[in-house]
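Report on the structure
Here is how the chains run, residue by residue.
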Amino acid sequence: SKHLSRVLFGGIQAMKGQVQYEKRKTKDGCVAILTMDNKPVNALSQGVRVGLDQYFKEVAADSEVKAVVLTGAHGVFCGGADISEFATGVEGPMLGEVIAAMEASEKPVVAAIDGVALGGGYEVALGCHYRLASQRAQAGLPEVNLGILPGAGGTQRLPRLVGAAKSVDVMCRGAPLKAPKAAEVGLFDRVIEGDHAALIQASVDFALSMPPVAERRLGRGTADAADAALAAKRQEYAKLRPGEAAPQAIITCIEAAVKQEFKDGMRVEFQEFCKLMTGAQAQALQYMFFAERQCQKVPGLDAKPRALQSCGILGAGLMGGGIAMCCAENGLKVVLLDVDQKNLERGMSVIKKNYARSVERKSKSQAQVETILSKIHPCSNYEALSECDIVVEAVFENMDLKKKLFAQLDAVCKPGCVLASNTSGLDIDQIASATQRPEDVIGCHFFSPANVMKLLENVRGPRTGGETIATAMAFGKKLKKVTCLVGNCGGFIANRVMGVSGAAKVLQEGVWPQDIDAAAEAYGMRMGPLRMWDLVGLDLFGREREKSGVLNPEQVVFDAMYKAQRFGQKSGKGFYQYDQQRRHQRDPSAEALIQQVWSNTGVQPKTMPQEEIIENLYLPVVNEGFKCLEEGMAIRASDIDVCCVFGYNWPRYRGGPMKWAFTVGLPTVLQKVEQMGLTPSELLKEAVAKKWKMNSKDFNARILSAWTA
Ligand code: T1G
């Protein structure tokens, strides 16, 4: 009651309000149970750090207390340092100091980990002398995904706990380990069955029976280097995470853990952490962390989502099959409909082959695959859709066909069923006009392969209802997609902005495809734009352009490729030639063809600095992004970045085209856009005139007013 009264009545005690304190008396002695309590993920805000710091001092001075158990509230141990504090600067006590004090405790400290222990959260656990975990627990050091590294001793303590070799992958992949694997690697000492109370009781009993803490302290000696092969790991991560600075810095810290005393290693960690923290990559990655959470929120949407138990997929082609897999993997009952029996059988066999590969690669067990497949029901009659909560149409990109099918869906599907089209850019409202329920019609635009790519663009038509939007957003969340609500314009957001990249223009100016792609891939794109065209297929738009008879001077090379039947990977040759494994290499016949087109149009081959190539490729994308915002086709500038990162693999550590534009500086962007002969966006001009920053209130208000217009 003493503590409670002090916590209730404020002062330094109130700061302890983010750490609960319980003194538990047992027959073997008294244990202090500290619970981090900072909704939603017990992030290590200043309040938590002060609470821990104060209580560890209090416990050390309290002769009645024999040991400490540290845990977290809300089903989480701790989600790490409070990322939102990074922008405003972190005040003391510093996390590293708090952890060092815990580790120095003469009284045993046991971490009782229930739920996730991530980043600084797991570093806190490393400062404890033992780590007991529930079966629900996960441990990880995901700082690399934020462009930084574990900066509170994790790069020094983890190698001293599990060895340098295992530490590299834990920190450079940044993926959390579930309890069994975490225990196997050594991140947990024991996994305790039962609920949270059982874990706490087991931890209390264990804490009172622990051997002396001295040999359990990790902040001493050096790390075991057996099998570390750190030089090879540097190369491995330079390939796995090309262009990213953090993985290389992490390996530098692990090298220090192997070769140097703890305090010297901590100095290396601090230096490397500060270098990363002040760099552009960390800023962009932390921006993207919040952006991919923000995009899932629709301002002013108070409608509740309808129930989502079953999903109908119309069309068993590549997209339909991928969407079916995604739905079944996330617990939905799936009705996969195709009126063409051969298509349906082919679609099902592709799905089964995909899962057979997953079992071979051990990414899924046979049992998991059987459970997933049991949820997919192939059929050929529309009646089978009558009980679905949502139906996603994924047939050929033809408006007449889609309108015909939506009229049939309208007749068969139950009232309130969401009728979604996976169209990649056709007018949602025109599709809706084929039904009696336009308020139930929305676009659900997946990216291929739908069971792999994270982005889902939900496309609202002017008549799409609130409940339909809420249900489609809940659908995306259920499928673990990064879900963005976007406006009903041609190409929506990702395809629209990336579709105006200046690749054709740069090519027509006499720059070789391999130079264009090399610049884009050096910038961090997974695949350069012309390799991308070879993947998508040069016949995709070649046929349309040929039919239209419209000659676009910037497309003459593309037209020549199409005429020469060089469609890209599908025909074994396009801008490059491809082997059986679809590996690309330069193709003299392609280059001769390009050379011919250039000389016919009076163009001389030329080289262009990579920075200039990037500006020519992607400043048109930025300008189009501003046009989307001024037309009310996106809710926020960061949504456009999310669409490019998760739909087109724009490098996360660059933050996306809009973030990049503000980093370059809008006046420069505007000037170069005009120099390129493009029509600058009115919003871009206004932002330059009013000197708006990316998070300017007025800028965001201007965008929101366009969205709600
Ligand atoms: N700091 C601040 N806010 C956080 C946060 C964090 N670490 N983690 C989550 N949030 C917010 C998030 O923005 C969202 O807010 C809400 O919590 C729910 O998150 C010194 C320096 C923990 C697995 O990288 O991986 O420690 O949108 O939607 O799906 O070495 O959040 O509701 O307003 O993601 O249940 C390292 C990041 C930090 C973990 C929960 N830690 N977080 O997933 O919920 S750096 C991380 C996550 C560090 C040290 C270094 C996930 C989660 P809002 P959510 P979720």
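Residues numbered from 1 in each chain as written. Predicted model: local features only at pLDDT ≥ 70, side-chain atom pairs only at ≥ 80, totals over all residues. Heavy atoms only, no water.

1. Observations regarding the sheet that holds strand S9 (residues 190-192)
Spelled out, the test is: The pairing criterion for strands is at least two bridges between them, as found by DSSP. Per the convention used, a helix needs a DSSP run of H or I reaching at least four residues, while a strand needs a run of E reaching at least two, with both numbered from the N terminus. Only the stretch in contact is used when fitting a helix axis, every axis being a line fitted to C-alpha atoms; angles between N-to-C directions are given from 0 to 180 degrees.
Taken in spatial order, the 6 strands of this open sheet run S1-S2-S3-S4-S6-S9, and their pairing is mixed. Of all the strands in the sheet, the pair left with one neighbour each is strand S1 (19-26) and S9. Direction aside, neighbouring strands of the sheet carry axes that sit 25 degrees apart on average. Pairing of S1 with strand S2 (residues 29-36) involves 8 bridges; the strand directions are antiparallel.

2. Thoughts on the packing of helix H7 (residues 154-162) against helix H13 (residues 262-277)
Our working definition: Angles below 35 degrees are treated as roughly parallel, those above 145 as roughly antiparallel, those between 65 and 115 as roughly perpendicular, and all remaining angles as oblique. Only heavy atoms matter for contacts: two residues are in contact if any of them lie within 4.5 Å across the pair.
Packing of H7 against H13 brings their axes to within 8 Å, and their N-to-C directions diverge by 135 degrees. It follows that H7 is oblique to H13 by the angle criterion. Counted together, Gly154, Thr155, Gln156, Arg157 and Arg160 of H7 and Phe262, Gly265, Met266 and Glu269 of H13 form the full contact between these two elements.

3. Overview of the site of the ligand
Let me state the cut-off plainly: We call a residue near a given molecule or strand whenever any one of its heavy atoms falls within 4 Å of it. Polar contacts, as counted here, are pairs of nitrogen or oxygen atoms within 3.5 Å of one another; within protein the pair requires one atom able to donate a hydrogen and one able to accept it, and residues that are adjacent in sequence qualify only if both atoms are side-chain atoms.
Taken together, 24 residues lie near the ligand, and Gly120, Glu123, Glu143, Arg293 and Lys297 sit nearest. At 2.8 Å, a side-chain N or O of Glu143 approaches an oxygen atom of the ligand. Lys297 places a polar side-chain atom, nitrogen or oxygen, 2.6 Å from an oxygen atom of the ligand. For the shell around the ligand, the secondary structure elements donating two or more residues are helix H4 (83-88), helix H6 (120-127) and helix H14 (280-294). Top element by residues in the shell around the ligand is H14. It accounts for 3 residues.

4. Remarks on helix H23 (residues 513-523)
Note the cut-off: Note on classification: 1.4 Å probe, protein chains only; a residue is buried when its accessible area is under 20% of the maximum for its type, exposed when over 50%, partly exposed between these limits.
When H23 is considered as a whole, its buried residues turn out to be Pro513, Gln514, Ile516, Asp517, Ala519, Ala520 and Tyr523. Where H23 is buried, its residues touch helix H22 (503-508), helix H24 (529-536), helix H27 (588-600), helix H28 (610-630) and helix H30 (657-664). Immediately downstream of H23, the backbone of Gly524 shows phi near 125 degrees, a positive value.

5. Considering the pairing of strand S11 (residues 333-337)
Threshold: Every crossover in which the path from the first strand over the helix to the second runs clockwise, viewed with the strands pointing away from the viewer, is termed right-handed.
With 4 of 5 residues buried, S11 is to be regarded as a mostly interior element. Looking at chain direction, strand S10 (residues 310-314) and S11 are connected through 5 bridges and run parallel. Bridged to Gly312 within S11 is Val335. Read as a crossover between parallel neighbours, the route from S10 over helix H15 (residues 318-329) to S11 is right-handed.

6. Re the sheet that holds strand S7 (residues 138-140)
With mixed pairing, the 3 strands of this open sheet are ordered in space as S5-S7-S8. The open sheet has two edge strands, strand S5 (116-118) and strand S8 (177-178), and neither has a second partner. Sheet strands touched by H6: S5 and S7. Its angle to S5, the strand with the most contacts, is close to 90 degrees.

7. Describing H27
Three or four residues apart is the spacing at which side chains of an α-helix point the same way, because the helix has 3.6 residues per turn. For clarity, the threshold we go by: Each helix should span, by expectation, one fewer than its residue count multiplied by 1.5 Å. The arc in question is the one traced by the directions running from the helix axis out to the C-beta atoms.
For H27, spanning 13 residues, the distance from its first C-alpha to its last is 18 Å, which sits close to the expected 18 Å at 1.5 Å a residue. Of all the residues in H27, the buried ones are Ala590, Glu591, Ile594, Val597 and Trp598. Angularly, the buried residues of H27 cover 120 degrees about the axis, an arc narrow enough to put them on a single face. Set apart from the buried face of H27 by more than 90 degrees, the exposed residues are Pro588 and Asn600. Here the buried face of H27 lies against H22, H23 and helix H26 (556-563). Once H27 ends, the next one or two residues include Gly602, with phi positive near 70 degrees.

8. With respect to the environment of Lys362
Looking at the element boundaries, Lys362 is found in the loop between helix H16 (341-360) and helix H17 (366-374). Under the relative-accessibility criterion, Lys362 is labelled exposed at 74%.

9. Quick word on the UniProt feature "domain: 3-hydroxyacyl-CoA dehydrogenase NAD binding" (unreviewed entry) in the protein chain
Let me state the cut-off plainly: UniProt positions are given in the numbering used here, feature names are shortened, and annotations may be inferred rather than shown by experiment.
Within this numbering scheme, the UniProt entry marks residues 312-488 as carrying the feature "domain: 3-hydroxyacyl-CoA dehydrogenase NAD binding" (unreviewed entry). The distance separating the terminal C-alpha atoms of residues 312-488 is 23 Å; by composition the span is 41% helix and 21% strand.

10. Observations concerning the nonpolar core
Our working definition: Side-chain atoms within 4.5 Å link the members of a nonpolar core, which is a set of buried Ala, Val, Leu, Ile, Met, Phe, Trp, Tyr and Cys residues.
By size, the foremost hydrophobic cluster in this structure holds 100 residues, and its most contacted members are Leu385, Phe575, Tyr618 and Phe626. With 10 residues, the top contributor of residues to this core is H28. Judged by nonpolar contacts, the second largest core, of 71 residues, contains Val124, Ala137, Ala249 and Ala256.

11. Considering the packing of aromatic side chains
Where we set the bar: Ring geometry is summarised as follows: Phe, Tyr and Trp rings, the Trp one being its six-membered ring, pair when their centres sit within 6.5 Å, and such pairs are stacked at plane angles under 30 degrees, edge-to-face over 60 and tilted between the two. Charge-over-ring contacts are defined here by two conditions on Lys NZ or Arg CZ: a distance within 6 Å of the ring centre and an angle within 35 degrees of the ring normal.
Taken as a whole, this structure holds 18 aromatic pairs when the rule is applied. Ring centres of Phe626 and Phe699 lie 6.2 Å apart, and the angle between their planes is 45 degrees; this geometry places the pair in the tilted category. With Phe626 in helix H28 and Phe699 in helix H33 (residues 697-708), the pair connects residues that are 73 residues apart, well separated along the chain. Residue Phe626 shares its accessibility class with Phe699, and that shared class is buried. For the cation-ring pair, Arg293 lies above Phe289, with the distance from its terminal atom to the ring centre recorded as 3.7 Å. A cation over a ring is seen here: Arg654 above Tyr523, with NZ or CZ 4.2 Å from the ring centre.

12. Observations regarding unusual backbone geometry
In this model, Lys39 is joined to Pro40 through a cis peptide bond whose omega is -5 degrees. Geometrically, the link from Gly92 to Pro93 is a cis peptide bond, its omega value of -5 degrees lying close to zero. You can see Pro93 is positioned in the loop between H4 and helix H5 (95-104). The residue Asn42 is not glycine, and still its phi comes out positive at about 55 degrees. On the secondary structure map, Asn42 appears in the loop between S2 and helix H3 (46-61). With a relative accessible area of 0%, Asn42 lands in the buried category. At His74, a position not held by glycine, the phi torsion is positive, near 60 degrees. Tracing the sequence through the fold places His74 in the loop between strand S3 (65-72) and H4.

13. Details of the UniProt feature "domain: 3-hydroxyacyl-CoA dehydrogenase C-terminal" (unreviewed entry) in the protein chain
Those places that UniProt annotates as "domain: 3-hydroxyacyl-CoA dehydrogenase C-terminal" (unreviewed entry) correspond, in this numbering, to residues 491-578. In this annotation, residues 491-578 is assigned 55% helix and 2% strand; the end-to-end C-alpha distance for the span is 29 Å.

14. Here's the deal with the pairing of S3
Of all 8 residues in S3, 7 are buried; the element is thus mostly enclosed. As judged from the 7 bridges shared by S2 and S3, these two strands associate in the parallel manner. Along S3, the bridge assignment pairs Met36 with Gly72. Read from S2 through H3 to S3, the crossover connection turns out right-handed. Where S3 and strand S4 (residues 109-113) come together, 3 bridges link them in parallel fashion. Residue pairing across strands places Val68 opposite Val109, the latter belonging to S4.

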